[in-house]
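# Structural features, examined
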Amino acid sequence: MSTDEQRIREFQSDSLQRHAIEFGEWMVRASNSHARALGHRDLRPAHARLMVFLGWEGSRITDIARAQDVSKNAVGQLVTELEELGYVERVPDPADGRAKIVRYTDAGVALIGDAAAIAERLNTEIANIIGVQRLGELRSMLADICHHLGLGPALHAGDL
């Protein structure tokens, strides 16, 4: 086997990219499975991904699309589906009456509460594998990486 082929095989089997993608997909699948068990039966992974980028006070579709690096149409379709499920609503943007923001309904807030409980269960599962200290280190490292790459929502001092 050539050096190039060995390098490519190692990339396929043991790269940071592969582990990050697999772990992220496991988190989404496990979260959705637990959410279905709690009665949120019609949620899909794409819905969960959108909800990660929906600010607590609401967000514009264009901002969600930019954060996810997808089209406004794709986000608009997911928002429509989440509206039909009762988790979000579109309301006038208080900063610009011509624009709309997407915000959580009471059912959406309850879903986020369930998501927090699900996250605690998944954190416990992960801590059972790597330990509580390493889980904290993993969370901190991922947060640092995301912050420095400009990923995720901007945190305000009052959010911490």
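Scroll up for the structure.
Let us look at the structure shown here. Source: prediction; values computed, not measured.

### A word on the overall build of the protein
For the protein, the helix and strand inventory stands at seven helices and two strands. C-alpha extents for the protein along the principal axes are approximately 60 × 35 × 35 Å. A burial count over the protein gives 25% of its 160 residues as buried. Once local pairs closer than 6 in sequence are excluded, the contacts in the protein between residues at least 24 apart make up 46%. Between the averaged position of the 18 positive side-chain charges in the protein and that of its 23 negative side-chain charges there is a distance of 3 Å.

### Quick notes on the nonpolar core
One finds Leu50, Met51, Val75, Val79, Leu82, Tyr87 and Val88 to be the most contacted residues of the largest nonpolar core, which totals 20 residues. Breaking this core down by element, the ones donating at least two residues are helix H2 (16-37), helix H3 (45-52), helix H4 (61-68), helix H5 (72-84), strand E2 (96-104) and helix H6 (106-130). Not counting the four nearest positions on each side in its chain, Tyr87 is found in contact with His40, Leu43, Met51, Leu82, Arg103, Tyr104, Thr105, Ala107, Gly108 and Leu111.

### What about the packing of H2 against H3?
Between H2 and H3, the shortest axis-to-axis distance is 10 Å and the interhelical angle comes to 105°. With respect to H3, the element H2 is oriented roughly perpendicular. Across the interface between the two elements, Glu25, Val28 and Asn32 of H2 pack against Pro45, Ala48 and Arg49 of H3. By residue class, the composition of the contact of H2 with H3 is three nonpolar, one polar and two charged.

### Remarks on unusual backbone geometry
Despite not being glycine, Asp69 shows a phi value in the positive range, around 60°. Checked against the element boundaries, Asp69 lands in the loop between H4 and H5.

### Comments concerning the pairing of strand E1 (residues 88-93)
If a strand is regular, its side chains alternate between the two faces of the sheet. One ladder, built from six bridges, connects E1 with E2; its direction is antiparallel. Across the sheet, Asp93 pairs through a bridge with Asp96, a residue of E2. Hairpin remark: E1 followed by E2, antiparallel, with two residues in the connecting loop.

### Looking at the packing of aromatic side chains
Enumeration according to the criterion identifies two aromatic pairs in this entry. Judged by centre distance (6.0 Å) and plane angle (25°), the rings of Phe23 and Trp26 are stacked. Pair noted here: Phe23 and Trp26 are both in helix H2, with a separation of three residues, about one helical turn. For Phe23, a relative accessible area of 32% translates into the label partly exposed.

### Considering H3
Burial in H3 covers these residues: His47, Leu50 and Met51. Buried residues of H3, seen end-on, are gathered within an arc of 100° and therefore sit on one face of the element. Lining the buried residues of H3 we find H4, H5, E1, E2 and H6.

Criteria and cut-off values
Residues numbered from 1 in each chain as written. Predicted model: local features only at pLDDT ≥ 70, side-chain atom pairs only at ≥ 80, totals over all residues. Heavy atoms only, no water. Helix = DSSP H or I, 4+ residues; strand = E, 2+ residues; numbered from the N terminus. Buried < 20%, exposed > 50% of the residue type's maximum accessible area, 1.4 Å probe, protein only. Contact = heavy atoms within 4.5 Å. Lys, Arg positive; Asp, Glu negative; His and termini not counted. Charge placed at Lys NZ, Arg CZ, Asp CG, Glu CD. Core = buried A, V, L, I, M, F, W, Y, C linked by side-chain atoms within 4.5 Å. Axes fitted to C-alpha atoms, helices over the stretch in contact; angles between N-to-C directions. Parallel < 35°, antiparallel > 145°, perpendicular 65-115°, else oblique. Nonpolar A, V, L, I, M, F, W, Y, C, P; charged D, E, K, R; others polar. Pairing = 2+ DSSP bridges. Phe/Tyr/Trp six-rings, centres within 6.5 Å; stacked < 30°, edge-to-face > 60°. Arc of directions from axis to C-beta.

Without other data, these values stay purely geometric and don't point to any function.
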